[in-house]
Amino acid sequence: MSGSLVVVGTGPGRPELMTPATLAALARASDLVGYGPYLERVPNLRPGQRRHASDNRVELDRARLALSLAAEGREVAVVSGGDPGVFAMAAAVFEAVEQGDPGWRTLDIRIEPGVTAMLAAAAEVGAPLGGDFCAISLSDNLKSWATIERRLGAAADGDFVIALYNPASRARPHQLGKALDVLRARKKPDTPVLFVRAAGTADAQVAVETLATAKEGQADMRTLVIVGASTTRRVGRWVYTPRSERGAPS
Ligand code: SAH
């Protein structure tokens, strides 16, 4: 077990949002493993570097491939979008380690942090994550819809700002509508709901709605949705959540 494996995230899209530590790790790698569109964000950094592109669904297979290559002595980088630990490949790698060859536990495995979509989206609109917040993925590939509804209800009852990852996909066009209904039953109709598409890229688009006006069709697979807490508000063209639970200073 002489090779190494590093799991990195490319950030939300713009090259400047990829960290220098991530670029350095990518430049050292002999092999890049990842979903095709994420690999395309990585410039050619080392001659002879091999690229193993795959589709987006087979995360565990991709993790096993990366671990096998590292076990053969290769310097492997697994490439995710955003941050690799947020609904992404870092956890898949450890799932594969837990289930796989016991020798994989002695490999040199490292994770490089990246800029996750939630942070890039928040920065596009102001400071909506200025108070306590949480993140929930609406994908029910790996958990039941009942679990998602329970967590949405708890987050609403706790008055967290809620970042919704994976709000929609072709296979699940109605998840966001159902999630918004859970939140409408517990939160005020004028609660801000932010739709940020392609955050942190030159094509970023922002729509500021409320729970009363938000529609599920406003989100696609490249959208991050932020639902405000009771104190989240507009100031000028921005949206922010004051640091104090008493609201803005008077
Ligand atoms: N590891 C990634 C998240 C993977 S889950 C990260 O840390 O950002 C995929 C979801 O992330 C998408 O469905 C979308 O909700 C969100 N997302 C990823 N990139 C985005 C971007 N540039 N703008 C808005 N949302 C994005």
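Let me begin by describing the structure that accompanies this report. (Residues numbered from 1 in each chain as written. Predicted model: local features only at pLDDT ≥ 70, side-chain atom pairs only at ≥ 80, totals over all residues. Heavy atoms only, no water.)

1. Here we look at helix 3 (residues 59–71)
Compared with the 18 Å implied by 1.5 Å per residue over 13 residues, the 18 Å span of helix 3 between its first and last C-alpha is a close match. Among the residues of helix 3, Arg62, Ala63, Ala66, Leu67, Leu69 and Ala70 are the ones counted as buried. Each buried residue of helix 3 sits inside an arc of 160° when the element is viewed along its axis, so together they form one side. Taken together, the buried residues of helix 3 touch strand 1 (4–9), strand 2 (31–35), strand 3 (50–54), strand 4 (75–80), helix 4 (89–99) and strand 5 (108–111). Immediately beyond the C-terminal end of helix 3, within one or two residues, lies Gly73, with a positive phi of roughly 105°. (Helix = DSSP H or I, 4+ residues; strand = E, 2+ residues; numbered from the N terminus. Expected span 1.5 Å × (residues − 1). Buried < 20%, exposed > 50% of the residue type's maximum accessible area, 1.4 Å probe, protein only. Arc of directions from axis to C-beta. Contact = heavy atoms within 4.5 Å.)

2. Concerning the site of the ligand
Close contacts around the ligand come from 19 residues, with Asp83, Val86, Thr116, Met221 and Thr223 the closest. Met221 is positioned such that a nitrogen or oxygen atom in its backbone is 2.7 Å from an oxygen atom of the ligand. Coverage of the ligand by the protein amounts to 90% of the 550 Å² it exposes when considered alone. Of the residues contributing to the shell around the ligand, the split by class is 12 nonpolar, 5 polar and 2 charged. (Near = heavy atom within 4 Å. Polar contact = N/O pair within 3.5 Å; in protein donor to acceptor, adjacent residues only side chain to side chain. Areas by Shrake-Rupley, 256 points an atom, 1.4 Å probe, with all protein chains shown as cover. Nonpolar A, V, L, I, M, F, W, Y, C, P; charged D, E, K, R; others polar.)

3. As for unusual backbone geometry
With the exception of glycine, most residues fall at negative phi, and the peptide bonds are largely trans. Positive phi values are uncommon outside glycine, yet Phe87 reaches one of about 45°. Position of Phe87 relative to the elements: it lies in the loop between strand 4 and helix 4. Given the relative accessible area of 45%, Phe87 is considered partly exposed.

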